[in-house]
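# Report on the structure
These are the residues of each chain, in order.
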Amino acid sequence: YTQDQEAEAGRFLRDNIKQFKPLHNISHNNFIETKKRFTAISTVSNVMQCKYIGNILKEISEDLEFDKQTAIILTDESLLVPLLHSLPEKVAQKVNVTMGYPLRQTTAYSFLERLIELQKNCRHSADTTTFYHTDTEGILSHPYIASIIGEAAKNYHDEIIKQRKIRVSSDFFKDSELLSIIFSSTDSWRDLSEYLLKVIREICYNSEYKELLDTTQRAYLGLLIENTTTTANCVAKCDIELTTSTFTSLLRRHLQTIRIPYSGEPEEGLQIMGVLETRALDFDNIIITDFNDDIYPGHARNNSFIPYSLRRGFDLPTIERQDAI
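Residues numbered from 1 in each chain as written. Predicted model: local features only at pLDDT ≥ 70, side-chain atom pairs only at ≥ 80, totals over all residues. Heavy atoms only, no water.

Core analysis: the largest hydrophobic core is formed by 67 residues, its most contacted members being I145 and I182. Residues in contact with I182, not counting those within four places in the same chain, are F111, L115, L118, Q119, I139, I145, Y195 and V199. (Core = buried A, V, L, I, M, F, W, Y, C linked by side-chain atoms within 4.5 Å. Buried < 20%, exposed > 50% of the residue type's maximum accessible area, 1.4 Å probe, protein only. Contact = heavy atoms within 4.5 Å.)

Turning our eyes to something else, we now look at the packing of helix α13 (residues 215–238) against helix α14 (residues 244–255). Following both chains from N to C, one finds α13 and α14 inclined at 130°, their axes separated by 10 Å at the closest point. The angle between the axes of α13 and α14 places the two elements in the oblique class. Like other packed secondary-structure pairs, α13 and α14 cross with a definite hand, here right-handed. In this structure, α13 uses L224, N227, T228, T231, A232 and V235 to contact α14, whose residues at the interface are F247, L250, L251, H254 and L255. Considered class by class, the residues forming the contact of α13 with α14 number seven nonpolar, four polar and no charged. (Axes fitted to C-alpha atoms, helices over the stretch in contact; angles between N-to-C directions. Helix = DSSP H or I, 4+ residues; strand = E, 2+ residues; numbered from the N terminus. Parallel < 35°, antiparallel > 145°, perpendicular 65-115°, else oblique. Left-handed = near helix turned anticlockwise from the far one by under 90°. Nonpolar A, V, L, I, M, F, W, Y, C, P; charged D, E, K, R; others polar.)

Turning next to the sheet that holds strand β4 (residues 123–124). If you walk across this open sheet you meet the three strands as β4-β5-β6, and the pairing is antiparallel. With partners counted over all chains shown, the strands left at the sheet margins are β4 and β6 (167–169), one partner each. Across the face of the sheet, helix α7 (residues 133–140) comes into contact with β5 (129–132) and β6 while running at roughly 80° to β5. (Pairing = 2+ DSSP bridges.)

Bringing the packing of helix α11 (residues 189–205) against α14 into the picture now. Interhelical geometry of α11 versus α14 gives an angle of 45° and a closest axis separation of 8 Å. Between α11 and α14, the angle is such that the two are oblique. Counting all contacts with α11, which are made through W189, L192, S193 and L196, the residues of α14 involved are T244, F247, T248 and L251. Taken together, the residues of the contact of α11 with α14 break down into five nonpolar, three polar and no charged.

Here we take up the pattern of salt bridges. Under the defined criterion, the tally for this structure stands at seven salt bridges. Here R252 makes a salt bridge to E113, at a shortest N to O gap of 2.8 Å. Linking R252 in helix α14 with E113 in helix α6 (residues 107–120), this pair joins segments that are 139 residues apart in sequence. Overall, the relative accessible area of 22% leaves R252 in the partly exposed class. Salt-bridge contacts for D158 lead to K154; the nearest nitrogen and oxygen are separated by 3.0 Å. Of this pair, D158 and K154 both sit in helix α9 (residues 151–162), separated by four residues, roughly a single helical turn. Judged by its relative accessible area of 46%, K154 falls in the partly exposed class. Through salt bridges that share partners, E77, R104 and R259 make up one connected network. (Salt bridge = Lys/Arg side-chain N within 4 Å of Asp/Glu carboxyl O.)

Bringing the confidence of the model for the chain into the picture now. Averaged over the chain, the pLDDT score is 87; the fraction of residues at 70 or greater is 96%. Per-element confidence in the chain is highest for strand β9 (residues 285–289), whose mean pLDDT is 94, and lowest for helix α12 (residues 207–210), whose mean pLDDT is 72. (pLDDT = per-residue confidence, 0-100.)

All right, on to the packing of aromatic side chains then. Aromatic rings in a pair are described by how distant their centres are and how their planes are angled relative to each other. A full pass over the atoms with the stated rule returns seven aromatic pairs. Centroid distance F131 to F183: 5.4 Å. Interplanar angle 75°. Geometry classified as edge-to-face. In this pair, F131 is assigned in strand β5 and F183 in the loop between α10 (177–182) and α11, connecting sequence segments 52 residues apart. This pair shows no difference in class: F131 is buried, exactly as F183 is. Considering the side-chain rings of Y156 and F173, the 5.2 Å spacing of their centres and the 55° angle between planes classify their relative orientation as tilted. Taken as a pair, Y156 in helix α9 and F173 in the loop between β6 and α10 lie far apart in primary sequence, 17 residues in all. An aromatic cluster of three or more residues is present, and its members are F131, Y156, F172, F173 and F183. (Phe/Tyr/Trp six-rings, centres within 6.5 Å; stacked < 30°, edge-to-face > 60°.)

A few words on the pairing of β5. Relative to β5, β4 runs antiparallel, the two being bridged by two bridges. Pairing of H124 across the sheet is with T129, part of β5. The antiparallel pairing of β4 with β5 creates a hairpin that spans four residues between the two strands. In this structure, β5 lies alongside β6, joined through three bridges in antiparallel fashion.

By definition, a disulfide links two cysteine residues through a covalent bond between their sulfur atoms. A complete count under the given rule lists zero disulfides for this structure. No disulfide involves C234; its nearest neighbouring cysteine sulfur is the one of C238, lying 7.1 Å away. Using a relative accessible area of 46% as the deciding quantity, one classes C234 as partly exposed. (Disulfide = S-S within 2.5 Å.)

What follows is the structure, given as structure tokens:
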């Protein structure tokens, strides 16, 4: 594919060979000459993909022992957590994940979003603060609250439905220390920042609660604390008075760019990585998920007013370049 000008995969190799002429004759026919076996498997959903990977691993190694020659390539990074939960227990104990996972895909981020929405729709009156029932029910049914408070959270939830409350008073939760902290109001972006940090720290570091969450969940909450504090400090340094909605928009922007780094032992175990991490690596067995045109290679958005013909004529990036990558 380096000789064929129509083969996108050889585009950058051809450019490199022109710019940096090899001193010796290098074979580029390994893709054709090395015998390979391809198997295409269709599944009904992403979850089924992850579940079926266990069957493929058993075909590769009956005893489920893997060295660094077997890799699972995730074209969609959001499949990482479902995959880790779907792997056979013996394999899951020895995996090397060499890719980042978006913080926005975690339960911790969804909890932060619930807190922001709760404050956004709260209302103040002369003697009390009330919260919209949908936001309240969302907090009570969230996995963190359900695992920490348990039956009490369900009882509060059922009582709200039974009484058909549209707005729920903060006094409704006075018997629960954690819920009293959550169902309190804020007036400014500074108050909101302190409120978010106070709630997350209470869940993450309170000795009574933290044992009910696993290490991974506490690590996610720790990242939220760190990055929320960073955002609030940066905004404070600017000495500009922001509205609460502007601050939450900035906070969301920042948190959605954060990726959780995973680490492992690259010399042993099953290798799990994204497409970019596979460059210059070679494996005997690879399993690629979501191998569909719209996901891999996918089509990058062209946010430009320059039409395709001019982009092609002046050698600007086009869709073919994305395919070549």
